Amino acid sequence: MFKLCLVPITIILLVGLSTINCFMTLIPVLNRIVCKFNDRVINITHAFEQPESITNQSVTFEMEMVRELKEMKMTIAYYAVNGDTINRILKRTVDVCTYVKRPAADRLVKVIYDHIERNNRIPTVCPIPSHDKYYIRHLRPASIRIPAFLPESSFMFDTNFHTGVLFEPMVEVRYHGRLVRVMNSELS
């Protein structure tokens, strides 16, 4: 008799716990975006929409190439911020033109690139022609899946693009925010 009662009680407890503690997702919540660009190479306008929302923030970039680019490198860096302490957790440099020719060469970049490429227009060939227009519209930070190893803390995320032999700065975007755990039901 005791075993028969234990099974329903265990099921009820597990169902109750799963709705309370499980199905949590780590999402970035942005505070601000700082964008600098070299207007001899590219023109950019950007918008940070619904900054007060946690799950419905979105970012939009409109870009126009001023000159043709034969090569472009992207450097991304992720920093955990705790008060005055800033710790770099990740830094990666990728040759964008090499990646565009062979997307399978870098799995991490492919995940990010595929996510951004959906419903947007970003460079898919090299050299990148002058006067071409590109856009990233309504990119929701909450839809980006964050690796579980990153700490739930404030962060800075840098995305820098450089071009030419002299590594001339082209675009520098810095995102400031914090990682927050939310219930998956809040993301729907």
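Draft legend 1. Region of interest: the state of the cysteines. Taken as a whole and judged by the stated rule, the model has 1 disulfide. The residue that forms a disulfide with C97 is C126, at a sulfur-sulfur distance of 2.0 Å. Disulfide C97-C126: torsion about the S-S bond near -75°, hence left-handed. Of this pair, C97 sits in helix α2 (residues 96-101) while C126 sits in the loop between α3 (107-117) and β6 (133-139), and the two are 29 residues apart along the sequence.

Draft legend 2. Just α3, in detail. Along α3, the residues classified as buried are V109, Y113, H115 and I116. Take α3 and look down its axis: the buried residues cluster within an arc of 160°, on one side only. Exposed and oriented more than 90 degrees from the buried face of α3 are R107 and V111. Those residues of α3 that are buried are in contact with β4 (72-82), β5 (85-95), α2 and β6. With its phi angle positive at about 65°, N119 sits one or two positions after the end of α3.

Draft legend 3. Quick peek at unusual backbone geometry. In this model, C126 is joined to P127 through a cis peptide bond whose omega is 0°. Secondary-structure assignment places P127 in the loop between α3 and β6. Unusually for a residue other than glycine, H131 sits at a positive phi of about 65°. Considering the arrangement of structural elements, one finds H131 in the loop between α3 and β6. We classify H131 as exposed; its relative accessible area is 54%. Phi is positive for H138, close to 55°, though the residue is something other than glycine.

Draft legend 4. Region of the structure containing the packing of aromatic side chains. According to the stated counting rule, one finds 3 aromatic pairs in the structure shown. Measuring from ring centre to ring centre gives 5.7 Å for Y78 and F155, while their planes differ by 20°; the resulting arrangement is stacked. With Y78 in strand β4 and F155 in strand β7 (residues 154-163), this residue pair connects regions lying 77 residues apart in the sequence. Residue F155 is classed as buried on the basis of its relative accessible area, which comes to 5%. Arranged with centres 5.2 Å apart and planes meeting at 65°, the rings of Y99 and Y113 form a pair that is edge-to-face.

Draft legend 5. Broad picture of the layout of surface pockets. There is about 1400 Å³ of room inside the largest pocket. Lining of the largest pocket is provided by 47 residues; of these, I76, I112, I116, F157 and T159 occupy positions nearest its centre. Per-element accounting of the lining of the largest pocket gives the leading share, 7 residues, to α3.

Draft legend 6. Fine view of the confidence of the model for the chain. Mean pLDDT over the chain: 86, with 87% of residues reaching 70 or higher. Across residues 15-21, confidence stays below pLDDT 50; counting only partners more than four residues off in sequence or on other chains, it has 4 contacts.

Draft legend 7. Molecular detail of the sheet that holds β5. Spatial ordering of the open sheet is given by β1-β8-β7-β4-β5, a layout of 5 strands whose pairing is antiparallel. Because the sheet does not close on itself, it has two edges, and the strands there are β1 (24-37) and β5. When strand polarity is set aside, the average angle formed by the axes of neighbouring strands in this sheet is 20°. Direction of pairing for β1 relative to strand β8 (residues 168-183): antiparallel, over a ladder of 13 bridges. Pairing of L30 across the sheet is with G177, part of β8.

So, how was this worked out
- Residues numbered from 1 in each chain as written.
- Predicted model: local features only at pLDDT ≥ 70, side-chain atom pairs only at ≥ 80, totals over all residues.
- Heavy atoms only, no water.
- Disulfide = S-S within 2.5 Å.
- Helix = DSSP H or I, 4+ residues; strand = E, 2+ residues; numbered from the N terminus.
- Buried < 20%, exposed > 50% of the residue type's maximum accessible area, 1.4 Å probe, protein only.
- Arc of directions from axis to C-beta.
- Contact = heavy atoms within 4.5 Å.
- Phe/Tyr/Trp six-rings, centres within 6.5 Å; stacked < 30°, edge-to-face > 60°.
- 1 Å grid on protein atoms, 1.4 Å probe; cavity = no way out; pocket = protein on both sides within 12 Å on 5 of 7 lines; lining within 4 Å.
- Points joined across faces, edges and corners; volume = space filled by probe spheres on them.
- pLDDT = per-residue confidence, 0-100.
- Pairing = 2+ DSSP bridges.
- Axes fitted to C-alpha atoms, helices over the stretch in contact; angles between N-to-C directions.

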